[in-house]
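These are the residues of each chain, in order.
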Amino acid sequence: MRSNFPNIMARPSRRPVRRRLGRTALLSLLAIVLVAPAVEIARLDRQIQRLFELRNWTAPTHVYARPLELYEDAAITADELELHLRQLGYEEVAEVGESGTYSRWKGEIELVSRPFLFSDGPQPAQHAYLHLTEGRVTTLLDDDARTPLPILRLDPLRLGRIQPGELEDRILLDPNEIPPLLTTALLEVEDAGFYDHPGVDLRAILRAATVNLRERELRQGGSTLTQQLVKNLLRDRRRTFPRKLREAIAALLLERRYEKEQILVTYINEVYLGQDGERAIHGFGLASRFYFGRPLDRLELHEIALLVGLVRGPSLYDPRAHPQQARQRRNAVLADLVRGERIDLDEAVEAQERPLELADHAPREALRYPAFMKLVRRQLGRQYTPERLARGSLEVFTTLDPLVQNRAERILAHRLHQFERTRGDTLEGALVVCSVADAKILALVGGRVAQFAGFNRALDARRNVGSLIKPIVYLTALESGDYTLTSRVVDRPLTVRLAGGRHWTPGNYDGAYHGEMPLMRALGDSRNLAAVRVGLDVGVARVAEKLRALGLTREVPAYESLLLGGVSLSPLEVAQVYSSLASGGFHAPLGVLHAVRVSGSAPLSRYPPRLTQVARHAAVFQINAALVMAMHYGTGHRVRAQLPEWLEVAGKTGTTNELRDSWFAGFSGDRLGVVWIGRDDHAPVGLSGASGALAVWAELFATIATTSYAPPPPEGWTQVWIDYYSGLLTRLGCGAAVATPVPEDASIAWLPRCDPRR
Amino acid sequence: MTRGAGLALVACAILLTSLGGCSRAPHPPTVEPAVAPAPPAAADSTELADRPTTAAADSAAVHPSTPAPPAPGPPVPVRTQAAPAAPAPAATHPAVAALLREARAARAVEDLNRAAELLERASRIQPFRAEIWLELARVRLAQRRFIEGAQLARKARQLAAGDRALAQAAREIERRCTAASAE
């Protein structure tokens with residue numbers, strides 16, 4: 001039903017006294033409206049309309065994960081595939097026929113995929129048969145033609161909707177998602193005349209005034225839902241008369257423009273219902289999760305009554321802070337519902353006897369992957385204005401890989417728990433996984449409780465990187481042309497005279513010094529003194545420059561301590577720098593967006609990786625080869641046995657002073673992972689890079705789908721077996737033979753005991 | 001780690017790689033034995049297998065801080081040595097082959113955005129396949145996105161692995177892109 005101003009005048013009333021009173025009030029209100037500058041009203045009208053529209057686009061912006069690609073040899077278990085199909089909403093049936101159905105018998109899965117309009121064009125439904133054994137797809141057939149199917153792409157998982165700016169942390173409910181009981185209870189308690197009044201309910205105001213006079217305190221407000229909504233939209237909590245008048249006018253304006261139903265739904269999504277630290281809880285959808293850890297449609301009567309009761313005073317009746325008051329308020333609401341004949345007495349009594357039954361775990365975020373979604377919003381915010389996002393009906397295709405993300409969350413939480421048991425600390429951690437080929441972020445974990453949208457350590461925790469810097473130091477050296485992997489470097493104490501006459505005497509992690517050794521071992525074993533000497537030789541400024549070239553977007557002061565990782569980076573920044581190594585010296589900004597389009601049309605924008613070569617191929621190839629060696633003989637060797645034997649990976653540990661930070665950054669052929677473990681208060685955690693972060697990284701890379709790091713050597717370079725410890729020529733099976741890239745025209749002496757000519 | 005276990009491990013590695021040679025790899029006390037990285041291509045295995053085993057290799061344990069007691073002889077050119085460890089280029093995965101085919105078809109009908117997306121999918125499956133990057137460079141050239149095209153051609157060249165025709169094609173596309181972007 002539509003209301004407008006004339007209705008106020010024509011409003012019928014049974015009692016003459018009331019009518020006279022109402023008419024007088026209305027006339028005076030109208031007078032004020034008329035004398036008030038028309039401009040002001042027009043402004044208010046525009047403002048309230050904009051705020052309302054912002055919350056009411058009909059098609060919200062939907063966010064999708066990267067679609068799952070299945071092909072022969074793709075790493076996925078039958079259980080994981082089935083779980084993914086269920087997440088996508090595929091239905092298990094006896095006889096597969098319609099799209100979006102599947103059947104499974106042990107390792108065999110038959111399915112009909114859903115048609116989907118991808119950013120590269122429409123893809124029809126596909127009837128497919130898969131056989132999965134030992135965590136891999138062994139057979140993939142087109143089940144209509146019974147011929148091999150090279151590749152099958154499923155429709156992407158929908159991650160959720162996003163709201164612009166201040167609305168980002170909501171769960172917006174569609175009308176059909178709102179339990180009728182909630183609407184009934186809300187109207188009964190807050191605004192019984194909602195469907196009859198024009199936005200302002202004079203009878204309710206009078207009734208409230210009478211009650212308040214009688215009880216000599218402010219017990220009733222008399223505001224309609226529309227007025228309350230306006231108050232929430234305008235965000236002005238002052239209780240002054242001009243404020244109230246402004247709200248009343250805005251309520252009338254709002255009702256003139258929008259349907260009752262729409263106002264009610266907006267109210268349910270908007271009303272303020274509590275506080276979670278700095279985060280305001282708006283809307284019944286989020287409140288339901290916040291207080292009960294469940295979606296609204298799974299709440300019982302006593303829980304709905306509690307939420308409805310909160311409207312009157314979210315802090316006064318905060319069930320966590322004041323359980324007694326909250327319970328009284330809840331039971332009062334239930335009593336109101338009985339009086340209004342909305343529920344039976346029996347029901348009410350039963351509900352009144354229930355305890356509050358609040359969720360005790362940390363409040364869960366509206367969206368499934370809060371850390372990743374935060375980055376999505378950040379990157380979207382750079383491309384689109386809030387107004388554009390608010391206009392909505394966008395589809396955002398992101399690069400989240402749900403399989404990798406789920407595993408990363410689980411492994412990090414589990415390992416931190418294990419470390420804590422043996423050490424008694426409370427640890428935090430963060431993790432980033434990227435795709436090497438296209439520099440996209442596949443998974444992002446911002447803390448051990450991944451569902452909690454708090455401090456996002458992957459993006460915002462900047463910590464000293466320790467030895468993670470060393471590959472950059474040596475890369476700079478190799479690029480200078482004065483060094484190769486077999487160049488002899490010196491691991492002996494030294495004192496550096498710093499600017500200002502001070503002195504710096506760095507030490508090795510283990511306090512031992514091994515003298516001369518090949519560069520590749522100095523990097524693989526993470527010898528501090530060798531890194532400092534080489535770094536000073538090539539110049540700290542050039543190392544800092546290289547760090548920037550590889551993708552760090554901030555200025556790095558070129559102090560000597562940089563050579564030992566005296567620079568604070570976030571896990572995401574580390575990933576950005578290492579991504580340039582993993583891709584053979586090509587930098588591309590790490591992104592989470594694949595494409596954005598208006599629903600159902602061609603993409604507005606695509607986000608392909610923009611590659612730029614930032615390091616010489618031969619130098620990067622050598623550094624990466626040394627990082628592979630580090631996994632066999634150096635600081636990474638501890639986990640080598642945990643990884644599949646065929647899987648060749650490269651990586652570097654990082655440990656900071658007094659074991660405050662445990663880092664690992666490493667990559668395979670197609671994935672890069674960065675793990676940080678530490679404490680928010682920077683206290684020591686008793687974990688080195690190898691004993692902490694590396695364990696998490698290795699468990700992740702042992703289980704996610706990935707391929708070996710095995711690029712071909714650069715032109716003019718060849719690989720020979722070199723003994724890791726001496727840097728001398730050897731053969732496989734003699735000494736610590738590691739495949740080492742050397743220039744084709746190089747000459748190297750034999751490790752005597754391995755020289756076949758002897 | 002016992003000597004026996006170390007022996008077994010190394011023996012496994014040797015069996016796996018079908019190489020003969022010495023029977024034990026000495027390791028420093030602080031480092032656990034680890035198998036040598038990826039087995040080399042089979043091409044040079046005979047040559048190495050034919051070599052005699054040196055007795056010295058069996059007894060001498062080399063401590064990392066004091067490398068090889070006998071002084072090493074003069075450097076020998078690595079060119080004369082059997083080249084190991086360059087992994088044989090993996091065959092094109094059927095999924096990648098299919099995506100490449102589709103991408104070429106899309107480029108032929110000038111559906112360039114689609115071609116690019118198909119190639120990006122392929123690159124995620126086999127990131128070291130040079131022809132994917134070369135094809136992507138061709139698409140960017142056709143889209144007149146010359147700077148990207150030049151970089152992609154360079155990437156293709158970097159992964160060419162002795163495929164001279166491919167390297168040559170990549171060089172040509174890089175040249176055309178660079179020339180066009182300079183205009």
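Rules of the game
- Residues numbered from 1 in each chain as written.
- Chains lettered and ligands numbered in written order.
- Predicted model: local features only at pLDDT ≥ 70, side-chain atom pairs only at ≥ 80, totals over all residues.
- Heavy atoms only, no water.
- Helix = DSSP H or I, 4+ residues; strand = E, 2+ residues; numbered from the N terminus.
- Buried < 20%, exposed > 50% of the residue type's maximum accessible area, 1.4 Å probe, protein only.
- Contact = heavy atoms within 4.5 Å.
- Areas by Shrake-Rupley, 256 points an atom, 1.4 Å probe, with all protein chains shown as cover.
- Disulfide = S-S within 2.5 Å.
- Expected span 1.5 Å × (residues − 1).
- Axes fitted to C-alpha atoms, helices over the stretch in contact; angles between N-to-C directions.
- Parallel < 35°, antiparallel > 145°, perpendicular 65-115°, else oblique.
- Left-handed = near helix turned anticlockwise from the far one by under 90°.
- Nonpolar A, V, L, I, M, F, W, Y, C, P; charged D, E, K, R; others polar.
- 1 Å grid on protein atoms, 1.4 Å probe; cavity = no way out; pocket = protein on both sides within 12 Å on 5 of 7 lines; lining within 4 Å.
- Points joined across faces, edges and corners; volume = space filled by probe spheres on them.
- Pairing = 2+ DSSP bridges.
- Polar contact = N/O pair within 3.5 Å; in protein donor to acceptor, adjacent residues only side chain to side chain.
- Phe/Tyr/Trp six-rings, centres within 6.5 Å; stacked < 30°, edge-to-face > 60°.
- Lys NZ or Arg CZ within 6 Å of the ring centre and 35° of its normal.
- Salt bridge = Lys/Arg side-chain N within 4 Å of Asp/Glu carboxyl O.
- Core = buried A, V, L, I, M, F, W, Y, C linked by side-chain atoms within 4.5 Å.

Caption draft 1: Representation of the overall build of chain A within the structure. A tally of regular secondary structure across chain A gives 24 helices and 33 strands. Counting only residues that meet the buried cut, chain A has 61% of its 758 residues in that class. Contacts in chain A between residues at least 24 apart in sequence constitute 68% of all its contacts with a sequence separation of at least 6. With the model as given, the accessible surface of chain A reaches about 30800 Å², and the carbon-plus-sulfur share is 51%.

Caption draft 2: The overall build of chain B, seen in detail. When you go through chain B residue by residue, the secondary structure sums to eight helices and one strand. Helices and strands in chain B line up, N terminus first, as α-α-α-β-α-α-α-α-α. Counting over 183 residues, chain B shows a buried share of 46%. Look at the contacts in chain B between residues 6 or more apart in sequence, and 58% of them connect residues 24 or more apart. Counting only carbon and sulfur atoms, one obtains 58% of the accessible surface of chain B, whose full area is about 9000 Å².

Caption draft 3: Examining the state of the cysteines more closely. Residues and elements named next belong to chain A. A complete count under the given rule lists one disulfide over all chains for this structure. Linked covalently through their sulfurs, Cys 734 and Cys 754 form a disulfide whose S-S length is 1.9 Å. Taking the torsion about the sulfur-sulfur bond, which here is approximately -80 degrees, the covalent link between Cys 734 and Cys 754 counts as left-handed. Pair noted here: Cys 734 is in the loop between strand S31 (717-723) and strand S32 (737-743) and Cys 754 is in the segment after strand S33 (747-748), with a separation of 20 residues, a long-range link. Pair check on accessibility: Cys 734 and Cys 754 agree, each one buried.

Caption draft 4: Spotlight on helix H5 (residues 112-125) of chain B. The terminal C-alpha atoms of H5 of chain B lie 20 Å apart, and with 14 residues this matches the ideal 20 Å at 1.5 Å per residue to within 8%. Among the residues making up H5 of chain B, those that are buried are Leu 112, Ala 115, Ala 116, Glu 117, Leu 118, Leu 119, Glu 120, Arg 121, Ala 122, Ser 123, Arg 124 and Ile 125 of chain B.

Caption draft 5: How the structure looks around the packing of helix H18 (residues 470-479) of chain A against helix H22 (residues 571-582) of chain A. Residues and elements named next belong to chain A. For the pair H18 and H22, interaxial distance at closest approach is 11 Å and the crossing angle is 45 degrees. Taken together, the axes of H18 and H22 lie oblique to each other. Judged by the sense of rotation from one axis to the other, the crossing of H18 with H22 is left-handed. Where H18 approaches H22, its residues Pro 471, Ile 472 and Leu 475 are matched on the opposing element by Val 577, Tyr 578 and Leu 581. Each residue belonging to the contact of H18 with H22 can be placed in one class, and the counts come to six nonpolar, no polar and no charged.

Caption draft 6: Examining empty space enclosed by the protein more closely. Scanning all chains against the criterion turns up eight cavities of 30 Å³ or more. For the largest cavity, the calculated volume is near 110 Å³. Forming the boundary of the largest cavity are Ala 582, Ser 583, Gly 584, His 617, Val 620, Phe 621, Tyr 709 and Pro 711 of chain A together with Phe 128, Lys 155, Gln 158 and Leu 159 of chain B. Of all the secondary-structure elements, those providing two or more residues to the lining of the largest cavity are helix H23 (617-632) of chain A together with helix H7 (146-158) of chain B.

Caption draft 7: Representation of the environment of Leu 478 of chain A in the model. Residues and elements named next belong to chain A. Looking at the element boundaries, Leu 478 is found in helix H18. The exposure class of Leu 478 is buried, given its relative accessible area of 3%. Remark: the alpha-carbon pair of Leu 478 and Ile 623, spanning 145 residues in sequence, is separated by 8.2 Å. Filtering out sequence-adjacent residues up to four positions away, Leu 478 remains in contact with Tyr 483, Thr 484, Leu 485, Leu 519, Ala 619, Gln 622 and Ile 623.

Caption draft 8: How the structure looks around the pairing of strand S16 (residues 428-435) of chain A. Residues and elements named next belong to chain A. With eight of eight residues buried, S16 lies mostly within the body of the structure. In terms of strand pairing, S16 meets strand S30 (residues 671-678) through eight bridges, oriented antiparallel. Opposite Leu 431, over in S30, you have Val 675 as the bridge partner. Pairing of S16 with strand S17 (residues 440-445), which is carried by five bridges, proceeds in the antiparallel orientation. Each bridged residue has a counterpart across the sheet, and for Leu 431 the counterpart in S17 is Val 445. As consecutive antiparallel partners, S16 and S17 are separated by four residues, and within that stretch Ala 439 has a phi angle of approximately 50 degrees, a positive value.

Caption draft 9: View of the side chain of Asn 456 of chain A. Residues and elements named next belong to chain A. By secondary structure assignment, the location of Asn 456 is in the loop between S17 and helix H17 (457-460). A relative accessible area of 3% means that Asn 456 is categorised as buried. Here Ala 371 takes part through its backbone oxygen, which lies 3.3 Å from a polar atom of the side chain of Asn 456.

Caption draft 10: Local environment of helix H12 (residues 323-339) of chain A. Residues and elements named next belong to chain A. Across its 17 residues, H12 extends 24 Å between first and last C-alpha, which sits within 8% of the 24 Å expected from 1.5 Å per residue. All of the buried residues in H12 are Ala 326, Arg 329, Arg 330, Asn 331, Val 333, Leu 334 and Leu 337. One or two positions beyond H12, positive phi appears at Glu 341, with a value near 60 degrees.

Caption draft 11: Representation of the sheet that holds strand S3 (residues 91-92) of chain A in the model. All names here are of chain A. Overall, mixed pairing links the six strands, which are arranged S3-S4-S5-S8-S9-S10 in an open sheet. Edge strands, defined here as strands with exactly one partner in the open sheet, are S3 and strand S10 (147-148). This element, helix H4 (residues 78-87), spans S3, strand S4 (101-105), strand S5 (108-112) and strand S8 (127-133) of the sheet and lies at about 155 degrees to S4.

Caption draft 12: Representation of the packing of aromatic side chains within the structure. Residue and element names in this part refer to chain A. Scanning the entire structure with this criterion turns up 14 aromatic pairs over all chains. Arranged with centres 4.1 Å apart and planes meeting at 25 degrees, the rings of Phe 52 and Tyr 258 form a pair that is stacked. Pair noted here: Phe 52 is in helix H3 (residues 38-54) and Tyr 258 is in the loop between helix H8 (241-257) and helix H9 (260-270), with a separation of 206 residues, a long-range link. Cluster of aromatic residues (ring-pair linked, three or more members): Tyr 64, Phe 116, Phe 118 and Phe 397. Over the face of the ring belonging to Phe 118 we find Arg 153, whose NZ or CZ atom lies 3.6 Å from the ring centre. Over the aromatic face of Tyr 317 sits the side chain of Arg 329, whose NZ or CZ is 5.7 Å from the ring centroid.

Caption draft 13: The pattern of salt bridges, seen in detail. Residue and element names in this part refer to chain A. Following the criterion strictly, the structure yields 56 salt bridges over all chains and no others. The residue Arg 671 makes a salt bridge to Asp 401 at a minimum N-O spacing of 4.0 Å. Of this pair, Arg 671 sits in strand S30 while Asp 401 sits in the loop between strand S15 (394-398) and helix H16 (402-423), and the two are 270 residues apart along the sequence. Comparing Arg 671 with Asp 401, the two get one shared label, buried. With a shortest N-O distance of 2.8 Å, Glu 573 and Arg 554 are connected by a salt bridge. Within this pair, whereas Glu 573 is found in helix H22, its partner Arg 554 is found in the loop between helix H21 (540-549) and strand S23 (568-569), the two being separated by 19 residues in sequence.

Caption draft 14: Unusual backbone geometry, seen in detail. Residue and element names in this part refer to chain B. A positive phi angle is found at Glu 110, which is not glycine, with a value near 60 degrees. Along the chain, the position of Glu 110 falls in the loop between helix H4 (94-108) and H5. Judged by its relative accessible area of 65%, Glu 110 is exposed. With phi around 50 degrees, Ala 161 is a residue other than glycine that occupies positive phi space.

Caption draft 15: Spatial organisation of the nonpolar core. All names here are of chain A. Residues Leu 81, Leu 154 and Ile 441 are the most contacted members of the largest nonpolar core, which totals 161 residues. For Leu 81, the residues in contact, after removing those within four places along its chain, are Leu 68, Leu 70, Ile 76, Ile 109, Leu 130, Leu 132 and Leu 154. The next biggest cluster of nonpolar side chains, apart from the first, holds 63 residues, and it includes Leu 225, Leu 286, Leu 301 and Leu 310.

Caption draft 16: Inspection of the sheet that holds strand S29 (residues 661-667) of chain A at higher detail. Residues and elements named next belong to chain A. Overall, antiparallel pairing links the five strands, which are arranged S17-S16-S30-S29-S28 in an open sheet. Each of the sheet's edge strands pairs with one partner strand only, and the pair in question is S17 and strand S28 (650-655). The average undirected angle you get between the axes of adjacent strands in this sheet is 10 degrees. With respect to the sheet, H16 is in contact with S16, S17 and S30, its orientation differing from that of S17 by roughly 35 degrees. Along the sheet, H23 contacts S28 and S29; its crossing angle with S28, the most-contacted strand, is approximately 70 degrees.

Keep in mind that these numbers describe shape and distance, not what the molecule does.
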